[in-house]
Each structure stands twice: as structure tokens, then as C-alpha cells.
Amino acid sequence: MKILIACDKMKGTFSSKQFGEMVENAIKTIIPNVETEILQVSDGGDGFVESLRWRNNYSRWEFLSYNAANRKIQSKYLYNIYNKTAIIESALTLGINKLATQEKHILHLSSYGLGYDINRVIEVRHPRTIVIGIGGTSTNDLFLGGASALGYTFLDKNGNKVEPLPINYLKINQIIPPNDIPSAEFFAATDVMNPLLGNQGATKVYGHQKGALPDEINFLENAFWHLAEIIQKDLGVDLTKIEGAGAGGGIGGGLVAFLYAQIISGADFILNNLDFNKKISESDLIITGEGSFDNQSLMGKITGNIISRCQKQNKKVLIISGISDETPLPANCSKITLFQEKPSLQYAKDNSYMLLKEKLSNHLKEM
């Protein structure tokens, strides 16, 4: 029997690698001689770079960048010298875990660091292709900060420069592109396909998760409507019609507008690069999971993508999650939920392995 383990992160507690190793260790205590394989996976957010670190001739490079509050931090990217492809992860610079408590003011957070990362990779590597994972960000700035790092200028109605922080967005009246826009082919890899605006848009769906207060959400929504008009006027891009423009606090739409990027499924990109379909065919059971399993898990997330691929090969899937709701499971799936309600991060860290081993033992014995 071979078990393939491909779990997403448990946000705030375990990385994809740590989660996978925890599952593997539990399995080995129950079925000592079983064959297992662990794959690190990501759908565009945390772990995007690490998922591909040992695959397809990618080498990892570390450098200093800037977090969303413009403080210097350590970051990294991958580069493949053979096909000249760079992999960048926005969460490594813009992730909320990169911010100190006193820095978490959404109207003053910027994607400048991501633009800096892109610029640095272009200057050092001259890639043909750049794939940017855009999940897990703390920002809601439509990538204007990143665009400023790439040479874009923002002016008010009097022709004065405007610092591209969300607090200033309603002042912007004109966008001036740089003389040389990077010529690489850009892809924005995401786990959600939300529009930029409206009730399903970047701000109203995800703003509160990033700490935005109700009045700030209203301000940001109005600012994004305003900017969408300016972007269409000056850059000729209608962000209101682009699926996925709201991903990453508008980074998806910003990358389309400022760098002509294509928005793609982060889950598909990772799993295709890991030759995942072949690994499914070689396995008897596939275990996947994430911190919280709900109806969103089946709509573009890595867990749902894995389940769908396994269905096509008639393979059994076991989903392991910290918490879950009553979302109906596909026919090929079973589920283990570790906690009845959302625990504190420390409690989850301290008790997940014990609960996993107990519940996994019962489950495997029933198979």
C-alpha cells in the first residue's frame, strides 16, 4: 500500500511540510511498513516558493526586501536557469506574519516590497517568465505600491506626485507609466477568482480578515472604484471585467494593469509542476488537508483541486483539517476533523499530533 500525502498549511500553526511530516509520522506508528510520499503544496499563498524548491531545476536565492510597512526583511525567490523562469511569493514579503502589531494599519500598507522583488529578479536574472503567487497578503492596495517600485508615477489633479498608499488613493487623478515596462511574461497564481469590486470583491470579502474596520472597508471600496476608472482611462485596462482581479487585495488586477500579467490557478501550476496526476496513479490513498475545510475548499483551493484530480482516477481521498463545517463530501472522500471548534494557535500546536494519531488510527482500521 502506498499513501501520498499532500497537505496545505494549517495557517498560523504548521507549514505544508510540517503538516505532511506530522501525518506521515502518525501513519508510521499505525502501519509501520506502509510506503509514503510527502509533497509540499500551495495554491499561491504561503509556501508557494517552498513547494517547488526541490523540483524542476529551481535554485533558491535569498535577499533583503521590504514588508508591507516598508521595513527591511529577508525574502527569497526561485530561479530556473534552463527555462529562465522565476518564482516569487508575495506572502514572503507582504504576509501579515511579516508585520509587527504596531504596523497593522491597512490604509498605510503597501505592496512596494513585491514590486521591489520583481525589479530585483529582473535586474539580476533577466527571466523570460515570472510566476508570482499572490495569496496570503496583508495589503489591500491594488498593487500601486508595487507599481511605484517598477517606475509608475501617480499624480493628483494639480500634477503633484501622490504617495501610493491606500489613504491617498482618492487624490490620484493620473497614472504615468515608466519609459520601459518589463518585457518578461508574467503570471499571477492565485487560489481565488474574486472580482476587484462589489460584494464579492477584494475589499468586502477579505478586508476584515486583514484588519480593516467597517469605515475603512467603505473607504477602500470607494477608492478602488475610483482607481478602476483612472486605470481604464490612462492604461486602457478595464479591471471591472477581469476574473481574479480582486485576488491578493487587488494584486491580481494590478499585475494585469501594470505588467500585463495573466491570472492563473496557483493550485494547477503547483500540481502540474509536481507531476501530481502521475503520483496519484501510483498511490492507493491520497491524504490532503488544511486548517479549515469548508465550501470554499472545493472552489479553487488546493484541497479541492487535489480531490477533483483523484476523482478522475477513482482514487480514495482522506481530508484532514483542524476544523470543518458540514460541506457535503465528494463520493471519493472521507474526513477527519481534529477540533470541534476553532482552537487557539498554541492549543492547536500542542494537541494536533495527539488527536491526529488517535483519529487516524481509528480511520485506517476501518478501511
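Preceding this section is the structure that the text describes.
On a predicted model such as this, the values are computed, not experimentally measured, just so you know.

About the cut-offs
- Residues numbered from 1 in each chain as written.
- Predicted model: local features only at pLDDT ≥ 70, side-chain atom pairs only at ≥ 80, totals over all residues.
- Heavy atoms only, no water.
- Helix = DSSP H or I, 4+ residues; strand = E, 2+ residues; numbered from the N terminus.
- Rg over C-alpha atoms; globule rule 2.2 N^0.38 Å.
- Buried < 20%, exposed > 50% of the residue type's maximum accessible area, 1.4 Å probe, protein only.
- Contact = heavy atoms within 4.5 Å.
- Areas by Shrake-Rupley, 256 points an atom, 1.4 Å probe, with all protein chains shown as cover.
- Lys, Arg positive; Asp, Glu negative; His and termini not counted.
- Charge placed at Lys NZ, Arg CZ, Asp CG, Glu CD.
- Phe/Tyr/Trp six-rings, centres within 6.5 Å; stacked < 30°, edge-to-face > 60°.
- Pairing = 2+ DSSP bridges.
- Right-handed = clockwise from strand over helix to strand, strands pointing away.
- Axes fitted to C-alpha atoms, helices over the stretch in contact; angles between N-to-C directions.
- Parallel < 35°, antiparallel > 145°, perpendicular 65-115°, else oblique.
- Left-handed = near helix turned anticlockwise from the far one by under 90°.
- Nonpolar A, V, L, I, M, F, W, Y, C, P; charged D, E, K, R; others polar.
- Polar contact = N/O pair within 3.5 Å; in protein donor to acceptor, adjacent residues only side chain to side chain.
- Salt bridge = Lys/Arg side-chain N within 4 Å of Asp/Glu carboxyl O.

Undergrad: I tried to follow the overall build of the chain on my own but got confused; where do I start?
TA: The helix and strand inventory of the chain stands at 12 helices and 13 strands. Its C-alpha atoms give the chain a radius of gyration of 21 Å, near enough to 21 Å, the size a compact globule of 367 residues would have. Projected onto its principal axes, the C-alpha positions of the chain cover 70 × 45 × 35 Å. Looking at the 367 residues of the chain, the share that counts as buried comes to 57%. Long-range pairs, those at least 24 residues apart, make up 69% of the contacts in the chain with a sequence separation of at least 6. For the chain, the exposed area adds up to about 16,200 Å²; of that, 47% sits on carbon and sulfur atoms. Considering the chain, the positive charge centre built from 37 side chains and the negative charge centre built from 38 side chains are found 4 Å apart.

Undergrad: Quick question: what am I supposed to make of the packing of aromatic side chains here?
TA: Two numbers describe a pair of aromatic rings. These are the distance of the centres and the angle of the planes. Tallying each qualifying case throughout the model produces eight aromatic pairs. Among the aromatic residues, those joined into a cluster by ring pairs are Phe143, Tyr152, Phe154 and Phe258.

Undergrad: Any chance you could explain the pairing of strand β2 (residues 35-38) here in plain terms?
TA: For a regular strand, side-chain orientation follows a simple rule: the groups alternate between the two sheet faces. Bridge count for strand β1 (residues 2-7) against β2 is four bridges, and the pairing is parallel. Counterpart to Leu4 in the pairing with β2 is Glu37. Following the chain from β1 across helix α1 (residues 16-30) to the adjacent parallel β2, one finds a crossover that is right-handed.

Undergrad: What is the right way to read the sheet that holds strand β4 (residues 72-80) from this model?
TA: The strand order across the open sheet formed by six strands is β3-β4-β5-β6-β9-β10, and the pairing between neighbours is mixed. Two strands in the sheet have a free side with no partner beyond their single neighbour: β3 (59-66) and β10 (262-265). Each strand of the sheet is rotated relative to its neighbour by a mean of 30°, with strand direction disregarded. One ladder, built from five bridges, connects strand β5 (residues 85-89) with strand β6 (residues 129-133); its direction is parallel. Counted as the bridge partner of Thr85 is Thr129 from β6. This element, helix α4 (residues 112-125), spans β3, β4, β5, β6 and β9 (185-190) of the sheet and lies at about 135° to β3.

Undergrad: Sorry, what's going on with the packing of helix α9 (residues 266-273) against helix α11 (residues 302-312) here?
TA: Contact geometry for α9 and α11: axes closest at 9 Å, N-to-C directions at 55°. By the criterion of interaxial angle, the relationship of α9 to α11 is oblique. α11 is crossed by α9, and the crossing has right-handed handedness. Packed against α9, whose contacting residues are Ala267, Asp268, Leu271 and Asn272, the element α11 presents Ile302, Asn305, Ile306 and Arg309 at the interface. Of the residues that constitute the contact of α9 with α11, the class distribution is four nonpolar, two polar and two charged.

Undergrad: Explain the side chain of Thr303 here, please?
TA: For Thr303, the location among the structural elements is in helix α11. Among the residues examined, Thr303 registers a relative accessible area of 0% and is labelled buried. Polar side-chain contacts of Thr303 include one of 3.3 Å to the side chain of Glu290. In this structure Thr303 touches Thr288, Gly289, Glu290, Phe293 and Ser297, once residues within four positions along its chain are discounted.

Undergrad: Teacher, can you tell me more about the pattern of salt bridges here?
TA: Oppositely charged side chains can pair when the atoms bearing their charge come close. This structure, assessed with the given rule, holds 15 salt bridges. We note a salt bridge from Lys9 to Asp8, for which the minimum N-O separation is 3.6 Å. For Lys9, a relative accessible area of 17% puts it in the buried group. A network of salt bridges, in which partner residues are shared, links Glu50, Arg53, Arg60, Glu62 and Lys76.

Undergrad: Explain the side chain of Thr190 here, please?
TA: Turning to its location among the elements, Thr190 is positioned in strand β9. At 3.1 Å, the side chain of Thr190 and the backbone oxygen of Val192 are in polar contact.

Undergrad: What's the story with the environment of Ile181 in this structure? I'm lost.
TA: If you trace the backbone, Ile181 turns up in the loop between β8 (174-176) and β9. What makes Ile181 partly exposed here is its relative accessible area of 26%. For Ile181, the residues in contact, after removing those within four places along its chain, are Tyr152, Phe258, Leu259 and Tyr260.

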